[in-house]
Amino acid sequence: MPPVGLGTWITFNVGDDAELRAECTAVMQAFFEMGGRMIDSSPMYGSSQAVVGNGLRTLGHAKALFAADKVWISSGTRGPSQIEESRRLWDVPRFDLLQVHNLLSWEEHLKTLFAMKAAGQLRYVGITTSEGRRHDLFEEIMRRQPLDFVQLTYNIVDRDVEERILPLAADRGMGVIVNRPFQQGVLLRRLSGHPLPSWAADIDASNWAQFVLKFIISHPAVTVAIPATSQVAHVRENMAAMVGPMPDAAMRRRMADYVGGL
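All residue numbers refer to position in the chain's written sequence, counted from 1. Confidence filtering applies because this is a predicted model: local features only for residues at pLDDT of at least 70, side-chain atom pairs given and counted only at 80 or more, and all residues used for totals across whole chains, interfaces and linings. Where side-chain values are given, they derive from all heavy atoms of the structure, hydrogens and water being excluded.

## Some points on the sheet that holds strand 4 (residues 95-100)
We apply this condition: At least two DSSP bridges between two strands are required for those strands to pair. Each helix is a run of H or I in the DSSP string that is no shorter than four residues. Each strand is a run of E no shorter than two, and both are numbered from the N terminus.
Pairing within the open sheet is parallel, and its 8 strands lie in the order 1-2-3-4-5-6-7-8. In this open sheet, the two edge strands, each paired with only one partner strand, are strand 1 (6-7) and strand 8 (224-225). Here strand 7 (residues 175-179) pairs with strand 8 via 2 bridges, running parallel. Paired with isoleucine 177 across the strands is valine 224, a residue of strand 8.

## Notes on the UniProt feature "domain: NADP-dependent oxidoreductase" (unreviewed entry) in the chain
Condition: UniProt positions are given in the numbering used here, feature names are shortened, and annotations may be inferred rather than shown by experiment.
In the numbering used here, UniProt assigns the "domain: NADP-dependent oxidoreductase" (unreviewed entry) feature to residues 4-251. Structurally, residues 4-251 comprises 40% helix and 15% strand, and the distance from its first C-alpha atom to its last is 20 Å.

## Observations regarding the layout of surface pockets
Unfilled space is identified by rolling a water-sized probe across the atoms. The following threshold applies: Site definitions follow a grid-based scheme: protein atoms alone, a 1 Å grid, a 1.4 Å probe that fits but cannot get out for cavities, and for pockets an open set with protein on both sides within 12 Å along at least five of seven lines, plus lining residues having an atom within 4 Å of a point. Grid points are joined across faces, edges and corners, and a volume is the space filled by probe spheres set on the points. Polarity classes work like this: nonpolar for Ala, Val, Leu, Ile, Met, Phe, Trp, Tyr, Cys and Pro, charged for Asp, Glu, Lys and Arg, and polar for all others, with Gly in that last group.
Taken as a whole, the largest pocket encloses approximately 820 Å³ of empty space. Breaking the lining of the largest pocket down by element, the ones donating at least two residues are helix 7 (186-191), helix 8 (208-217) and helix 9 (232-239). With 3 residues, helix 9 is the single largest residue contributor to the lining of the largest pocket. When its residues are assigned to classes, the lining of the largest pocket shows 12 nonpolar, 19 polar and 7 charged. Estimated volume of the second largest pocket: approximately 150 Å³. Every residue along the wall of the second largest pocket is listed here: His61, Ala62, Lys63, Leu65, Ala67, Val92, Pro93, Arg94 and Asp96.

Here it is as structure tokens:
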């Protein structure tokens, strides 16, 4: 799995606006051209699923796609119908990964997802959280359930998961998807007022987005980060973080210390 994917929260929620949909399709095209695979969405994200589906049809359904979506509904019995509607909006034969979004009705939905996996209707099962919420329960579920993936918030300033959850994912053989790598843009806006350190060139980071992404994806437990964007220039910038040297443990400490001191 290439370590930089594509999120769709907010950025792909453009409704039926033809011009904005075309911009999202252009983002997807650049993403695939630069080796991207995982696109992540959710029923929670407004029109994002339909916009992804429109882009896939326009681009001819890229074979490289790793389709990741979520179930997000309080009723366990309504989970299957929501999943089918999500699949219809994406216009894919099946999802590669389905996740219980923010642990909503997780016990019921996990039963559905594991049954789908056993029936060959799904490749992988996961759970998600964001912004540090419900980590105790998240960890408990990770210990009790045979999950394939977990999705959580992690970046150069939000590092709580380094202590327990990332090591547990590694021990349990679970893939880790990182959401909110830029704190929905807040982190990059804050960092933009400071100079990039000259030694960032040692890891081929030419801007703050690449600096932050390289910190994230170089963690041994992280599988993929999923920054969201509606701009082709930004997706190309993000994807370029996969190229060149990655920080080792000493460099990661130096990076975190530098940002922490700003």
